[in-house]
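# Structural description and commentary
One-letter residues, chain by chain:
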Amino acid sequence: MYRFQKRVTSSSVHALLAVALAGFLTFGASGLVHAQDSSTTIETSSGTQPAVPAQAGTGTTSPAAESPVVESTEPTVAPSSNAPEQTAPVEPVAAGNGETAADNPVQPVEGDAAASSEAAEKPAVSVPVAFDPAQVIERARNLAKQPFENPHRDLPEALANLSPESYAKIRFKSQRAFFSQANSGFALDLYHPGNMYDVPVAINLVRDGQVQAVPYSAGLFDFGETGLSGNDFSTQGYAGFRLRYPLGNVAGSDELATFLGASYFRIQGRDQVAGQMARGLTVDLAGPSGEEIPVFREFWIVAPKEGERKITVFALLDSVRLTGAYRFDIRPGNNSKVDVSSTLFFRDRVEKIGLAPLNSMFLYGEQKRRRFEDYRGEVHSSDGLLINNGKGEWLWRPLDNPANLQISSFLDENPRGFGLLQRDRNFDHYQDLDTRFDQQPGYWVTPKGDWGKGHVELVEIPSPSESNDNIVAFWVPQNKPEAGSELTVEYQIAATQDGSDLHKLSQATDTRIMHIPSGGDDAQAATRFILNFAGEELEYYLSDLDNLQANISASNAEIRNIRLMKDPENGGVRVMFDLIGTGEAQSSNLRAFLQYDDRVLSETWTMPWVF
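Residues numbered from 1 in each chain as written. Predicted model: local features only at pLDDT ≥ 70, side-chain atom pairs only at ≥ 80, totals over all residues. Heavy atoms only, no water.

Moving on, we come to the overall build of the protein chain. Scanning the protein chain for helices and strands turns up nine helices and 35 strands. Across the 611 residues of the protein chain, 58% fall into the buried class. Taking contacts inside the protein chain between residues at least 6 apart in sequence as the whole, the part at least 24 apart equals 72%. Accessible surface computed for the protein chain: about 23,200 Å², of which carbon and sulfur atoms make up 46%. (Helix = DSSP H or I, 4+ residues; strand = E, 2+ residues; numbered from the N terminus. Buried < 20%, exposed > 50% of the residue type's maximum accessible area, 1.4 Å probe, protein only. Contact = heavy atoms within 4.5 Å. Areas by Shrake-Rupley, 256 points an atom, 1.4 Å probe, with all protein chains shown as cover.)

All buried positions along helix α4 (residues 134–144) are accounted for by V136, I137, R139, A140, L143 and A144. What you see down the axis of α4 is that its buried residues fit within an arc of 160°, all on one side. Here the buried face of α4 lies against β13 (295–302), β14 (311–318), β15 (322–331) and β16 (337–346). (Arc of directions from axis to C-beta.)

This next bit is on the side chain of D567. When you line up the elements, D567 lands in the loop between β31 (557–566) and β32 (573–581). It is R574 that comes nearest to the buried, bridge-free D567 among opposite-charge side chains, at 4.1 Å. In this structure the side chain of D567 is engaged in a polar contact, spanning 3.2 Å, whose partner is the backbone nitrogen of E569. (Lys, Arg positive; Asp, Glu negative; His and termini not counted. Salt bridge = Lys/Arg side-chain N within 4 Å of Asp/Glu carboxyl O. Polar contact = N/O pair within 3.5 Å; in protein donor to acceptor, adjacent residues only side chain to side chain.)

Moving on, we come to the sheet that holds β32. Backbone hydrogen bonds are what pair the strands of a sheet, in a parallel or an antiparallel way. What the four strands build is an open sheet, ordered β28-β29-β32-β31; its pairing is antiparallel. At either margin of the open sheet sits one strand with a lone partner, and together these are β28 (507–516) and β31. When the angles between neighbouring strand axes are averaged without regard to direction, this sheet yields 20°. Here β28 runs beside strand β29 (residues 526–534); their pairing, made up of nine bridges, is antiparallel. Looking across to β29, one finds that Q507 is bridged to A534. (Pairing = 2+ DSSP bridges. Axes fitted to C-alpha atoms, helices over the stretch in contact; angles between N-to-C directions.)

We now examine the pattern of salt bridges. If you walk through the whole model with that rule in mind, you get 32 salt bridges. The shortest N-O distance in the salt bridge between D339 and K448 comes to 2.8 Å. Of the two residues, D339 is situated in strand β16 and K448 in strand β24 (residues 442–448); the sequence distance between them amounts to 109 residues. Among the residues examined, D339 registers a relative accessible area of 12% and is labelled buried. The exposure class of K448 is partly exposed, given its relative accessible area of 31%.

This part covers the pairing of strand β6 (residues 210–214). Of all five residues that make up β6, four are buried, and the element is covered over most of its length. Summarising the sheet, strand β2 (residues 129–130) and β6 pair through two bridges and their orientation is antiparallel. Residue V129 lies in a different strand from β6, and its bridge partner there is V211. Of the strand pairs in this sheet, strand β5 (residues 202–207) and β6 are connected by five bridges, and their pairing is antiparallel. Bridge pairing in β6 links I203 to V214.

All chains considered together, the criterion is met by 26 aromatic pairs. Relative to Y238, the ring of F221 lies with its centre 6.2 Å away and its plane at 35°, an arrangement referred to as tilted. Of this pair, F221 sits in strand β7 (residues 221–222) while Y238 sits in the loop between β7 and β8 (240–245); the two residues are 17 residues apart in sequence, bridging distant segments of the chain. The residues F221 and Y238 share a single accessibility class, namely buried. Both rings, one in F529 and one in W605, keep their centres 6.0 Å apart while their planes meet at 65°; by these two values the pair is edge-to-face. With F529 in strand β29 and W605 in strand β35 (residues 604–610), this pair connects stretches of sequence that are 76 residues apart. (Phe/Tyr/Trp six-rings, centres within 6.5 Å; stacked < 30°, edge-to-face > 60°.)

Another aspect to go through is the environment of G224. Along the polypeptide, G224 turns up in the loop between β7 and β8. For the pair G224 and K169, spaced 55 residues apart in the sequence, the C-alpha separation amounts to 6.0 Å.

Time to look at unusual backbone geometry. Notably, D208 is not glycine yet its phi reads approximately 50°, a positive angle. The class for D208 is exposed, based on a relative accessible area of 61%. Even without a glycine there, the phi angle at A262 is positive, about 45°. Looking at where A262 falls in the secondary structure, it is placed in the loop between β9 (254–260) and β10 (264–267). The exposure class of A262 is buried, given its relative accessible area of 13%.

Once that is clear, we can look at the environment of R309. Within the secondary structure, R309 sits in the loop between β13 and β14. Look at R309 and you get partly exposed, because its relative accessible area is 48%. In contact with R309, other than residues within four places in its own chain, are F186, Y245, I330, R331 and P332. Within the structure, R309 has its side chain in polar contact with the side chain of Y245 (distance 2.6 Å).

Glancing now at the nonpolar core. By size, the foremost hydrophobic cluster in this structure holds 85 residues, and its most contacted members are L190, F241, F328, I330 and I493. For this core, the element with the highest residue contribution is strand β27 (residues 486–496), accounting for five residues. Residues contacting L190, with those up to four places away along its chain left out, are F172, F178, I203, V214, L220, F221, Y238, G240 and F241. One finds F529, F533, A550 and I552 within the second-largest nonpolar core, a separate group that totals 28 residues. (Core = buried A, V, L, I, M, F, W, Y, C linked by side-chain atoms within 4.5 Å.)

As a further point, take the confidence of the model for the protein chain. When pLDDT is averaged along the protein chain, the result is 82; 78% of the residues meet or exceed 70. Segment residues 1–125 is flagged for pLDDT under 50; beyond a separation of four residues in sequence, or across chains, it makes 442 contacts in the model. (pLDDT = per-residue confidence, 0-100.)

The next subject is the environment of K448. Spatially, the C-alpha atoms of K448 and E490 are 5.4 Å apart, while their sequence positions differ by 42 residues. Separated by 2.8 Å, the side chains of K448 and D339 make a polar contact.

Written as structure tokens, this is what we have:
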């Protein structure tokens, strides 16, 4: 819980970073961020505007850098069903055997200061209300017709003043978990309000078509070394929740999914640890007006039936200019998956809507250690953005922690998928026994239906610390949503490993860069790139290395000294080339892939470069 909470709290750090590390460079144009067809790959970054927070958990608007003016499309997707009206509160379920049976009525928890012994024996249960998923959509639609009300509330001082470290010591009592893990495998824990989590989140349980609210109960929590107890404050609602499931073995209880802070959530598969996060939505991220941060205000969690390998969560999202009804169908497994369906209602026009956003962290990797003195060879939760565009091309873009805010856009129509992946799985490259970057999942987004025209946008924010999520990737539709409009979109997120199961091409596995100084009047300074490609059919073609080609191109620059050789240590092929600027532009877009005759054997590696 602590790493997740710590990363969400980094919004204030990003706000300071935005002022201190301003910069807006443009690849291929001056003073304008623009998109280019991803078949020729575009990379744009920025020049004189302040950097934007990669993520924030406060739900407030923060200053941001100017971004590409993109028009938003409404993906053609089938509508989804969602959840019901607010119900009368009842007390939480508690079972003394370490499980909370899904069939039990919601009742007070032992140790709750508000619950009397008589109430514990005879719980006051509200009249069950029938659950209709379509009501969540109607709820969001009606909420969009009303003025926005800030959901943030003043917490009791004892909670508001908790440091992130102290907040992490407040633990949900696992023996009080909701649902019967013995029957379904699933268990539900709740997060306590405190520190930056000042939005009271309503939690509802749905059993056999009936919905009951879970009122706040201090007895569900162990306040540990914080010195707090349930008598020190009164509050309403929760901060979020966590779902557990036996991913590693049948007797285990591993983290499967977490919803905590703003509209952030994450999923994990077998043998994976907490890493990057997903978000319900971004609004004007890296836009000139500043980011608007939507929040999930209420959840409806459907109790799984015995033997069911899926759990469903409905959510109500609210923001200044829009509302949304969400459905999450979460399926545990080696690569756990969540099917997301959302219907959005716009109170006002939005300049840039970000769909299926992913948040991650990149401090440094093998290609650029830049000013860090650290015993670890690499520090990142993801090392690249992979895109499968509408034309069927696979693009691999290594991530960077740039000196200035960098925004890259990849024009596309009906994308087939994109994701932030952790491709390097070698522990020796990280040497981090605490964070285990080598075990953190990559997230792969698969759109459902046709999403039309738009672009995948990658935002890379300068960061001095690994506590900041400085990488964001999302889809921006071409057409901008207008006031009063609706948008329905569906997609799947898979918690994958290195993405090797996504296609049959050789992967771009490593990117290394070195500076070649000028050797006199006739020798120009150059930048040498060393790329490794490995996997799939590439080994078959190594016996005819003379006819294996590296197709390399660069805008506004010259490519020289191309070399291609076998890599017996890492496997596959190593490609080397020198990049020399022409002096006509300050930046270049690079592309490289392997081919044999007319057969493409690898992903297309692409990277922006500033001379």
